[in-house]
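Listed below, chain by chain, are the residues.
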Amino acid sequence: MSVRLRIISAMQRVAVEQQVTLPPLDDDLSLHETGFDSLGFAILVARLEDDLGIDPFTISEDAAFPLTVGDFVRAYENVPA
Amino acid sequence: MSPREIFTLRDYLGPELKGRTISDARRLVSLTDSLGQTCLADRLGELSRRSVLLAVSDQLISAIAMTELDGVARRMLLCPPDLNAEHVNALIEDAGIDAIVTDHPSRWADADIYLVLAARVPERTIRKAKSERATEWLMLTSGTSGVPKIVGHSLEALTGAIVADGPARGAPPVWATFYDIRRYGGLQIWLRAILSGGSMVLTEPGEALADHVARLHARGVTHISGTPSHWRKLLMSGSASGFSPRYVRLSGEIADQAVLDGLRRAFPDASIGHAYASTEAGVGFAVNDGREGFPASLLGTRDSVEMKVEDGSLRIRSTRTAHAYVGLGAAQLADADGFVDTGDMVELRGDRYHFVGRRGGIINIGGLKVHPEEIEAVINRHPDVRMSRARSRKSPITGSIVVADIILADGCDASRGGEIREAILADCRASLPPHKVPATIKFVEALDITAAGKLARSDA
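Q: I'd like a description of the overall build of chain A, backed by residues and values.
A: Of the regular secondary structure elements, chain A holds four helices and zero strands. Listing each helix as α and each strand as β along chain A from the N terminus yields α-α-α-α. The C-alpha atoms of chain A give 12 Å as radius of gyration, which agrees with the globular expectation for 81 residues (12 Å, within 12%). Among the 81 residues that make up chain A, the fraction classed as buried is 26%.

Q: Now, about the interface of chain B and chain A: what can you tell me, with residues and values included?
A: Facing the 13 residues of chain B at the interface are 13 residues of chain A. Considering only residue class, the side of chain B that touches chain A consists of seven nonpolar, five polar and one charged.

Q: Report on the packing of helix H1 (residues 3-17) of chain A against helix H4 (residues 69-77) of chain A, specifying residues and quantitative values.
A: Residues and elements named next belong to chain A. Interhelical geometry of H1 versus H4 gives an angle of 130 degrees and a closest axis separation of 10 Å. Judged by the angle between their axes, H1 and H4 are oblique. The handedness of the crossing between H1 and H4 comes out as right-handed. Only Val73, Tyr76 and Glu77 of H4 make contact with H1, whose side of the interface consists of Val3, Arg4 and Ile7. Tallied by class, the residues present in the contact of H1 with H4 amount to four nonpolar, no polar and two charged.

Q: Give a description of the domain arrangement of chain B that names residues and reports values.
A: Residue and element names in this part refer to chain B. The domains assigned to chain B are domain 1 (9-349) and domain 2 (362-443). Computed over C-alpha atoms, the centres of domain 1 and domain 2 are 33 Å apart. Listed by partner, the interface residues are nine residues for domain 1 and eight residues for domain 2. Mapped by element, the contributors of at least two residues to the side of domain 1 that touches domain 2 are helix H7 (228-237) and helix H8 (257-266). When residues of the side of domain 1 that touches domain 2 are assigned to their parent elements, the largest contribution, three residues, is made by H7. Considered class by class, the residues forming the side of domain 1 that touches domain 2 number five nonpolar, two polar and two charged.

Q: Give a detailed account of the sheet that holds strand S1 (residues 21-23) of chain B, specifying residues and quantitative values.
A: Residue and element names in this part refer to chain B. Within the open sheet, the eight strands sit side by side as S2-S1-S12-S11-S13-S14-S15-S16. Their pairing is mixed. Where the open sheet ends on each side, the last strands, each with one partner, are strand S2 (28-30) and strand S16 (282-287). In this sheet, neighbouring strand axes are inclined to one another by 20 degrees on average, regardless of whether the strands run parallel or antiparallel. Here S1 pairs with S2 via three bridges, running antiparallel. Directly across from Ile22, in S2, lies its bridge partner Val29.

Q: I'd like to hear about the nonpolar core, residue by residue, with values.
A: Formed by 92 residues in total, the largest nonpolar core has its most connected members in Leu54, Ala65, Leu77, Val101 and Leu138 of chain B. If near-sequence neighbours (up to four positions away) are discounted, Val101 of chain B is found in contact with Leu40, Val52, Leu54, Val56, Ala65, Leu117 and Ala119 of chain B. Formed by 39 residues, the second largest nonpolar core is a distinct cluster that contains Met11 and Val14 of chain A together with Ile379 and Val403 of chain B.

Q: I'd like a description of the confidence of the model for chain A, backed by residues and values.
A: Here chain A shows a mean pLDDT of 89. Residues at 70 or above account for 91%. Per-residue pLDDT, averaged within each element of chain A, yields its smallest value for helix H3 (residues 56-59) of chain A (81) and its largest for H1 of chain A (94).

Q: Give me the pairing of strand S13 (residues 223-226) of chain B: which residues, what numbers.
A: Residues and elements named next belong to chain B. Burial along S13 is two-sided: His223 and Ser225 and Ile224 and Gly226, pointing in opposite directions, are all buried. Direction of pairing for strand S11 (residues 174-177) relative to S13: parallel, over a ladder of three bridges. Of the residues in S13, the one forming a bridge with Ala176 is Ile224. Bridging between S13 and strand S14 (residues 247-250) involves four bridges; their strand directions are parallel. Across the sheet, Ser225 pairs through a bridge with Arg249, a residue of S14.

Q: Hey, could you go over helix H5 (residues 184-195) of chain B for me, with residue numbers and the actual values?
A: All names here are of chain B. In this model, H5 (12 residues) spans 16 Å end to end at C-alpha, consistent with the 16 Å of a helix rising 1.5 Å per residue. Those residues of H5 not exposed but buried are Tyr184, Gly185, Gly186, Leu187, Gln188, Ile189, Trp190, Leu191, Arg192, Ala193 and Ile194. Phi for Gly197, located one or two positions after H5, is positive at around 75 degrees.

Q: Just give me the short version of the sheet that holds strand S4 (residues 51-55) of chain B, but keep the residues and values in it.
A: Residues and elements named next belong to chain B. One open sheet holds the seven strands; their spatial order is S7-S6-S4-S5-S9-S10-S21, and the pairing between them is mixed. Two strands close off the open sheet at either side, each with one partner strand: strand S7 (115-118) and strand S21 (324-326). Strand-to-strand twist across the sheet, computed as the mean angle between neighbouring axes with direction ignored, equals 30 degrees. Pairing of strand S6 (residues 99-102) with S7, which is carried by four bridges, proceeds in the parallel orientation. Each bridged residue has a counterpart across the sheet, and for Val101 the counterpart in S7 is Leu117. Lying over the sheet, helix H1 (residues 59-69) contacts S4, strand S5 (75-78) and S6, oriented at roughly 165 degrees with respect to S4.

Q: Account for the packing of H1 of chain A against helix H2 (residues 38-52) of chain A, naming residues and giving values.
A: Residues and elements named next belong to chain A. As a packed pair, H1 and H2 sit with axes 10 Å apart at the nearest point and diverge in direction by 140 degrees. Here H1 lies oblique to H2, going by the angle between them. Handedness of the crossing formed by H1 with H2: right-handed. Two secondary-structure elements touch here, H1 through Val3, Arg6, Ile7, Ala10, Met11 and Val14 and H2 through Gly40, Ile43, Leu44, Arg47, Leu48, Asp51 and Leu52.

Q: Explain unusual backbone geometry to me, and be specific about the residues and the numbers.
A: Note: most residues except glycine have negative phi, and most peptide bonds are trans. One non-glycine residue with positive phi stands out, namely Gln19 of chain A, at about 55 degrees. Locating Gln19 of chain A in the fold gives a position in the loop between H1 and H2. Of note, the phi angle at Asp42 of chain B is positive, near 65 degrees, even though the residue is not glycine. Structurally, the position occupied by Asp42 of chain B is in the loop between strand S3 (37-38) and S4.

Conventions used here
- Residues numbered from 1 in each chain as written.
- Chains lettered and ligands numbered in written order.
- Predicted model: local features only at pLDDT ≥ 70, side-chain atom pairs only at ≥ 80, totals over all residues.
- Helix = DSSP H or I, 4+ residues; strand = E, 2+ residues; numbered from the N terminus.
- Rg over C-alpha atoms; globule rule 2.2 N^0.38 Å.
- Buried ≥ 20, exposed ≤ 12 C-beta atoms within 10 Å, placed from the backbone.
- Contact = placed C-beta atoms within 7 Å.
- Nonpolar A, V, L, I, M, F, W, Y, C, P; charged D, E, K, R; others polar.
- Axes fitted to C-alpha atoms, helices over the stretch in contact; angles between N-to-C directions.
- Parallel < 35°, antiparallel > 145°, perpendicular 65-115°, else oblique.
- Left-handed = near helix turned anticlockwise from the far one by under 90°.
- Domains from an automatic or database assignment.
- Pairing = 2+ DSSP bridges.
- Core = buried A, V, L, I, M, F, W, Y, C linked by C-beta atoms within 7 Å.
- pLDDT = per-residue confidence, 0-100.
- Expected span 1.5 Å × (residues − 1).

Structure, rendered in structure tokens:
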């Protein structure tokens, strides 16, 4: 499974657990519009770290948190595994 | 005995009760004859009025030495086996130690500043020691870092709960404990064995659990105590079958419903009680109804123990608490009214208080407070779970999140991991607010237990 598909699948799982109804996850969708709160993102980032072995937001101290779903996925894709 | 007379352990070790013993895996020593024995090669008299460091690695020799020193030494400081050698000098200074009883005399080089006495396997003596004073008992707290605090007790305070419980019914008990007897929880059991006219079976370092249980069985142990972590380990091992004590006691950690139910299934004929005690606050109470937590009606004054809840923590004032922290610059042990703040946080649910965790063990999740123990209590209710530990994990989003490490029960099919994980998360979501639900769950083979028998918490 590609990094993108694993991220989307993890988001869908967290959404079910957090009882959040996700809109279609287009690259342009702002993360705010996903309906996740900060706890939802914290869970997502922890699970992705376990799954993919990386946490792009901790690796670089000044990394800005992404604004859109596309930015979020690219943050993982751009880190050398 | 008139109230003015000094009360010492010697009073309970006369030759009247036959067949009393203390044993470890290697030796069986008579307690009935213990007044006719010595570990100190007849040099006990030299320890009169001394402040003694009891640094004996061997538990059985320590146990006998305690009975000899009580009533003779001015004070005795009990060293648990895992004491960090780097802390010894500070403790010696704070406790004003001027004599050391040890089974490794060569390790104590500064013999010019204090008397060093070798402790040996008990041998017969014709000298009868006499009690001269009420010895002060010093114990160490079992914190994880830094120099442990020295806690001062009298024998009267240490045995207050035992005397209040009255004599055991039926034949004298054979006590055992998973604790080391140089710690408060273990010492309570050794004192119970002495005061009840019973016998004592000690742990043996490095002994396999199955061999330990076989020994408990062979020695006819009727009463046994340990922490919930000790008991979970025993339940996990499958070694409990065939062992049937009359009384099973838990203390030192929160006894959740899962461990109480597990013990009920394993020991259907035993009374099962969980006691609240700490090195500083002494024994508060014991609960014997098989349910977690304690009835709210225990607050107030009962059996000379006064309890209240303030700022969420349990506070205790009684004649069983320690009287002070010992040493230069030592902190106050009790508040101005004499209450000891236990640091154990409780929550009232219906007519019962439940322990939710330690004040110092709180995890902060984006400003919200979480006690790992309350999460573990929910996880442990799942029938496929044997033991769990909730802990904090760093998060770039919220600072921290809660994650859980879980040991599954024996015979649990690993391929069901995903299904069990979902079920546990669903249980947590049903019983806990969102920030207390573990973000991730990891199945592990083992969880560390500290030397004091408690689940190791690195972030606590």
